[in-house]
Amino acid sequence: MVSSNLFHCRKHSWPPEDYVSRATLQLLDSDSAAPPQHAWRRRLNSHANILKEFSVTFKEAIKMVRLGIRLWSYVREEASYGRKAPIDPFTRESCKPSASQGVPLGGMGSGSISRGFRGEFRQWQIVPGTREASPVMANQFSIFISRDGGNKSYASVLAPGQHEGLGKATDHGISSWGWNLSGQHSTYHALFPRAWTIYDGEPDPELKISCRQISPFIPHNYRDSSLPTAVFVYTLVNTGKERAKVSLLFTWANSVGGISSLSGDHVNEPFIGDDGVCGVLLHHKTAKGSPPVTFAVAACETQNVNVTVLPCFGLSEGSCITARDVWGKMAQNGEFDRENFNCGPSMPSSPGETICAAVSASAWVEPHGKCTVAFALAWSSPKIRFLKGSSYYRRYTKFYGASEKAAQNLVHDALKNYKRWEDDIERWQSPMLKDERLPEWYKFTLFNELYFLVAGGTVWIDSSLPETDVRHGFHESKKGEATNVKVVEAEVSCSGEGTKYDSDGYGSANGSPMDYDEEIHKSYSWKDESASPWENRNPSQSHHSFDMIEALNKNDDVGRFLYLEGVEYIMWCTYDVHFYASFALLELFPKIELTIQRDFAKAVLSMDGRKVKFLAEGDVGIRKVRGAVPHDLGTHDPWYEMNAYNIHDTSKWKDLNTKFVLQVYRDFAATGDMSFGVDVWPAVRTAMEYMEQFDRDDDGLIENDGFPDQTYDTWTVHGISAYCGCLWLAALQAAAAMAYQVGDKFFAELCKNKFVQAKSAFEKKLWNGSYFNYDSGSSSNSKSIQADQLAGQWYTASSGLLPLFDDFKIRSSLQKIYDFNVMKVCGGRIGAVNGMHPNGKVDETCMQSREIWTGVTYGVAATMILAGMEDQAFATAEGIFTAGWSEEGYGYWFQTPEAWTIDGHFRSLIYMRPLSIWGMQWALSLPKAILEAPKINVMDRILLSPSTRFSLGETGVRKIVNEAKCFGNTAFSCSC
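The structure displayed is predicted, hence computed values, not measured ones.

1. Digging into the side chain of aspartate 673
Logical step 1: Inspection of the secondary structure puts aspartate 673 in the loop between α12 (656-671) and α13 (674-691).
Logical step 2: Buried charge without a salt bridge: aspartate 673, with arginine 598 as the nearest opposite-charge side chain at an N-O distance of 4.9 Å.
Logical step 3: Here serine 675 takes part through its side chain, which lies 2.6 Å from a polar atom of the side chain of aspartate 673.
Logical step 4: In terms of polar contacts, aspartate 673 uses its side chain to reach the backbone amide nitrogen of phenylalanine 676, at 3.1 Å.

2. Some words on the packing of helix α11 (residues 590-604) against α12
Each pair of packed helices can be described by the angle between their axes along with the distance between the axes.
Logical step 1: Across the interface, α11 lies against α12 with an axial gap of 11 Å and an inter-helix angle of 140°. Judged on the interaxial angle alone, α12 and α11 are oblique. Crossing of α11 against α12: the hand is left-handed. Residues Glu593, Leu594, Gln597, Phe600, Ala601 and Val604 of α11 form the contact with α12, whose own contacting residues are Phe660, Gln663, Val664, Arg666, Asp667 and Thr671.
Logical step 2: Among the residues making up the contact of α11 with α12, the classes are represented as 6 nonpolar, 3 polar and 3 charged.

3. Notes on the sheet that holds strand β12 (residues 277-284)
Logical step 1: Taken together, the 9 strands give an open sheet; going across it, the order is β1-β6-β7-β8-β9-β16-β13-β12-β11, and neighbouring strands pair in antiparallel fashion. Lying at the two open borders of the sheet, with one neighbouring strand each, are β1 (40-43) and β11 (267-272). The average undirected angle you get between the axes of adjacent strands in this sheet is 15°.
Logical step 2: Of the strand pairs in this sheet, strand β9 (residues 229-238) and strand β16 (residues 370-380) are connected by 9 bridges, and their pairing is antiparallel. Note on β16: the bridge partner recorded for phenylalanine 232 is phenylalanine 375.

4. Digging into helix α3 (residues 65-80)
Logical step 1: A rise of 1.5 Å per residue sets the reference length of α3, with its 16 residues, at 22 Å; its end C-alpha atoms lie 23 Å apart and thus fit the reference within 8%.
Logical step 2: Buried within α3 are the following residues: Leu67, Leu71, Tyr74, Val75 and Glu78. In an axial view of α3, the angular spread of the buried residues amounts to 105°, which keeps them on one side of the axis. Seen from the buried face of α3, the exposed residues on the opposite side, beyond 90 degrees, are Arg66, Ile69, Arg76 and Ser80.
Logical step 3: Once α3 finishes, glycine 82 follows within two positions and takes phi at roughly 75°, a positive value.

5. A closer look at the environment of asparagine 238
Logical step 1: Looking at the secondary structure, you find asparagine 238 in strand β9.
Logical step 2: Expressed as a C-alpha distance, the spacing of asparagine 238 and aspartate 204, which sit 34 residues apart in the sequence, is 9.6 Å.
Logical step 3: Residues in contact with asparagine 238, not counting those within four places in the same chain, are Arg147, Glu206, Leu207, Arg243, Ala244, Val365, Glu366, Pro367, His368 and Gly369.
Logical step 4: Of note is the side chain of asparagine 238, whose polar atom sits 3.1 Å from the backbone oxygen of valine 365.

6. Some thoughts on the sheet that holds strand β15 (residues 355-365)
To summarise the sheet geometry, strands pair through backbone hydrogen bonds and adopt either a parallel or an antiparallel arrangement.
Logical step 1: A sheet is described by the order of its strands in space; here 5 strands give the open sequence β5-β4-β10-β15-β14, paired in antiparallel fashion. Unpaired on one side and paired on the other, β5 (153-157) and β14 (306-314) mark the two borders of the sheet. Looking at each pair of strands side by side, their axes are set apart by 15° on average, direction ignored.
Logical step 2: Relative to β5, strand β4 (residues 140-147) runs antiparallel, the two sharing 5 bridges. Bridge pairing in β5 links isoleucine 143 to serine 156.

7. A word on the packing of aromatic side chains
Logical step 1: Evaluation of the coordinates by the stated rule reveals 72 aromatic pairs.
Logical step 2: With a centroid separation of 5.5 Å and 65° between ring planes, the pair formed by phenylalanine 141 and phenylalanine 375 is classed as edge-to-face. With phenylalanine 141 in strand β4 and phenylalanine 375 in strand β16, the pair connects residues that are 234 residues apart, well separated along the chain. Considered together, phenylalanine 141 and phenylalanine 375 belong to a single accessibility category, that of buried residues.
Logical step 3: In textbook terms, an aromatic cluster arises when at least three aromatic residues are bridged by ring pairs, as seen for Trp40, Phe117, Tyr188, Tyr451, Phe452, Trp460, Phe561, Tyr563, Trp885, Trp893 and Phe894.

8. Digging into the nonpolar core
Logical step 1: With 304 residues, the main nonpolar core has Phe375, Leu450, Tyr563, Phe660 and Trp918 as its most contacted residues.
Logical step 2: A total of 17 residues in this core trace back to one element, the largest contributor, which is helix α14 (residues 722-742).

9. So, the packing of helix α18 (residues 854-866) against helix α19 (residues 870-884)
Logical step 1: Put simply, α18 and α19 touch, their axes get as near as 8 Å, and they point 170° apart. By the angle between their directions, the pair α18 and α19 is classed as roughly antiparallel. Residue-level inspection shows Thr854, Thr857, Tyr858, Ala861, Met864 and Ile865 of α18 in contact with α19, the latter providing Glu870, Gln872, Ala873, Thr876, Ala877 and Ile880.
Logical step 2: Looking at the contact of α18 with α19, its residues break down into 7 nonpolar, 4 polar and 1 charged.

10. Here's the deal with helix α17 (residues 807-822)
Logical step 1: Compared with an ideal rise of 1.5 Å per residue, which puts 16 residues at 22 Å, α17 spans 21 Å between its outermost C-alpha atoms and is within 8% of the ideal.
Logical step 2: Buried within α17 are the following residues: Lys809, Ile810, Ser812, Ser813, Leu814, Lys816, Ile817, Tyr818, Phe820, Asn821 and Val822.
Logical step 3: The elements touched by buried residues of α17 are α15 (745-766), β29 (785-786), α16 (791-798), β30 (835-836), α18 and α19.
Logical step 4: Capping the start of α17, aspartate 806 holds a side-chain oxygen 3.1 Å from the backbone nitrogen of phenylalanine 808, two or three residues further along.

11. Some thoughts on the pattern of salt bridges
Logical step 1: All chains considered together, the criterion is met by 42 salt bridges.
Logical step 2: Aspartate 697 is the salt-bridge partner of lysine 765, the closest N and O atoms lying 3.5 Å from each other. Here the residue lysine 765 occupies a position in helix α15, and aspartate 697 occupies one in the loop between α13 and β27 (704-705), the gap between them amounting to 68 residues.
Logical step 3: In the salt-bridge network here, residues are joined through shared partners; they are Arg223, Asp224, Arg420, Asp424 and Arg427.

12. A short note on the pairing of strand β8 (residues 207-214)
Logical step 1: β8 sits mainly inside the fold: 8 of its 8 residues count as buried.
Logical step 2: Because side chains alternate across β8, one face comprises the buried residues Leu207, Ile209, Cys211 and Gln213, and the other comprises Lys208, Ser210, Arg212 and Ile214, equally buried.
Logical step 3: Examined bridge by bridge, strand β7 (residues 194-200) and β8 share 7 bridges and lie antiparallel to one another. The partner of arginine 194 across the bridge, within β8, is isoleucine 214.
Logical step 4: Joining the antiparallel neighbours β7 and β8 is a turn of 6 residues, in which glycine 201 adopts a positive phi near 90°.
Logical step 5: Here 8 bridges tie β8 to β9, and the two strands are oriented antiparallel to one another. Bridge pairing in β9 places cysteine 211 opposite tyrosine 234.

13. Digging into the confidence of the model for the chain
Logical step 1: With 85% of its residues at a pLDDT of 70 or more, the chain has an overall mean of 87.
Logical step 2: Contacts for the low-pLDDT stretch residues 469-555, under 50 throughout, to residues beyond four places or in other chains number 218 contacts.
Logical step 3: Considering only residues more than four positions removed or in separate chains, one finds that residues 952-976, a stretch of pLDDT under 50, has 65 contacts.

Here is what the cut-offs are and how they apply
Residues numbered from 1 in each chain as written. Predicted model: local features only at pLDDT ≥ 70, side-chain atom pairs only at ≥ 80, totals over all residues. Heavy atoms only, no water. Helix = DSSP H or I, 4+ residues; strand = E, 2+ residues; numbered from the N terminus. Buried < 20%, exposed > 50% of the residue type's maximum accessible area, 1.4 Å probe, protein only. Lys, Arg positive; Asp, Glu negative; His and termini not counted. Salt bridge = Lys/Arg side-chain N within 4 Å of Asp/Glu carboxyl O. Polar contact = N/O pair within 3.5 Å; in protein donor to acceptor, adjacent residues only side chain to side chain. Axes fitted to C-alpha atoms, helices over the stretch in contact; angles between N-to-C directions. Parallel < 35°, antiparallel > 145°, perpendicular 65-115°, else oblique. Left-handed = near helix turned anticlockwise from the far one by under 90°. Contact = heavy atoms within 4.5 Å. Nonpolar A, V, L, I, M, F, W, Y, C, P; charged D, E, K, R; others polar. Pairing = 2+ DSSP bridges. Expected span 1.5 Å × (residues − 1). Arc of directions from axis to C-beta. Phe/Tyr/Trp six-rings, centres within 6.5 Å; stacked < 30°, edge-to-face > 60°. Core = buried A, V, L, I, M, F, W, Y, C linked by side-chain atoms within 4.5 Å. pLDDT = per-residue confidence, 0-100.

Below you can see the structure in the form of structure tokens.
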């Protein structure tokens, strides 16, 4: 065990003055060039240590040997079809993970590129579900400085020192460039979606440089937030007595990461666009039939800034123009020939040859003067194709089209609009950054954890239909696979008048819809500052946008959205994990959150009868059972082939259906969107009815079945469990509340009746006087303290419902978790361990019981906040910051893993669940709609007989599901 003095110094403040001289900060204090007061900071010469991956113990390996053999066989089988298995623990990346990450580039869902804090471009995820982690070292910013008189000159790549993969300086490739920056006086400052790199007298002691990286991640802006582009704004301040000619060079390889540059047939061409935007287009022909990609690198020419380009150069001695020639030309002249704009497209590259492009922007900076130079990068891959057949157009093509010209238009608009983006970002972030209640580490970590919505393999498509459907009206499966997917038509009784559900699964109530609040702002763009929902926010007010944003209308088309469970677990929208992460989407992009819930609502009513082998036990079952919430929306054909996860049969899991009901009710209560509530109610009721089969003894409670049948999928549960049982109680209450509001009073009474019975059984069988036991079984860990035991209470309080238990039980359980799971492990400096024995020893029953889950720790902290235990909450969550993000920690910034062990070894980097830190923010300032949500007292007088069987409600959904019908041209197509 790591001693608690590993993190010997717990800092509470990271002022920019500790990293950048006050004089430099004053010089840069205009036009957002100076780094913000609150940010995550590193020096560029900081060591990027190699991260340590977890390993199973001998005892755990023996238990999992059969699973391992079956999984290895499955991975090989998928590889034989040219596909990657969604879970593959056997294949290792060629690039070892290191503590080198920084803020990623671009908006959401159009492919992403990350940029390390030292300046390298890495973590390429242009093609959905694939990732190239290694940096492309030819992609760099460099600077060339000469002063009047010619006495002083400087030339350096703006990245520190030598990097892996660089050869000798005598080479003709990028090793010949000037890698002269030490990084000692250069610092990185991250506040997602922006980052600042400050060169405080490097490489020229008399030139202060700020590089500001800006991406269009703007809450409630469903247009610009989809754009695959980023801007780099350089501010140059000359503190010397002589005029300085400064040339900035942006070089870019025609590559989508890895060895893709060597595949051949790539073409570069220069362009001169409108408003002084000039640059180079790099047309990349992707391998394995993936859609092509076009990059654009550009700079903006102004009265003071001259832009020139070199459309094509190579990295080897045989190239017509080599990287060595590029460096020599820039060192001598500081620019390229103007005639290069007229040279047209290059010859296609040969296999084995890498071609690159360069854009130079040069300016004279007067003594004690200042100059701004702006570059932009865009990547346009308009169509995505999943490996089993379906193709879609990305969201941004709705605004930019699908031609190769889109990349050029993207960089143009980015260079013209980035100031507006920054204004909107600052208005969004300012209330939280100025909130004096919040510790500083939390303020910037809250925003920086959002990196996952860009770098988490997100896909955002324009239409709900595949590209093949749009053209041909049907879904085409490879190899003639039978889909055998069925979706029911559902009906629900609302105040005696039925709500009919059409072939698309959406409903319209008899009578007029509810009245919505007046729209405050348009979702795509704000014409001026007065139209922004973030203007004039008082830091003391709620930080939630629900007080101000437009009512959510199902006719507002925002496309459809996917994001991965993690870059190592390649499954789209993994639902048991989305339960934790969804607070971020609900807070910032609520329309996207509702589209995801609608997708799962339709999935609940669907069935896929194809056979699947479940690897844990080797059993065979069907891919998707009607009534069960799917684990995920798929991997290689999302929406059509769900449940890519095949370790266990998740139709028998006990947490997915309850999590669906809880998320839907929270979203319904928060948005006040009655049309959404009516649309998804049949799925909610069906999901609750489905769970009744797991109440084996008619005590109102569901029982677990002696295997890991929930999100902790290696941690076995026997009988009633604190985690699943608490979720069930919460779901009963949420379903009752929602049933009343959509008019299904009979079902509401059923849920109330069952809740009363279930709560009594739950407390009787699990409450031990200070916390709820792990489960009601007789195993050695049945009395363990589970950090996540009150997950249901977290959602109950987050949704404006009444507490599940009395205040004493809630606070006592949370205090026990804090005292044992948090404080008894490394002094509270690494988060909450999942399981802890009541004697103070970590529960080592399995791999997951002994892990610290980052997202669960944030969720526990949110539950503490809602229970009035703010001090314990922030101390608990700070352990994740200390271990994951601080300089003294393990180095997991911008790649927060699912878990680490008590000695800091990670499992599954770049993972979805840590977005649950936004559950803390939700708890700190509950939206007005939640605070005013109807309070359904489930302990009120029950109007039904003591029987609590849902099946008595034959007037509801069960009556309708006997005959399956197609949804037509939706994601759940089938053969009829």
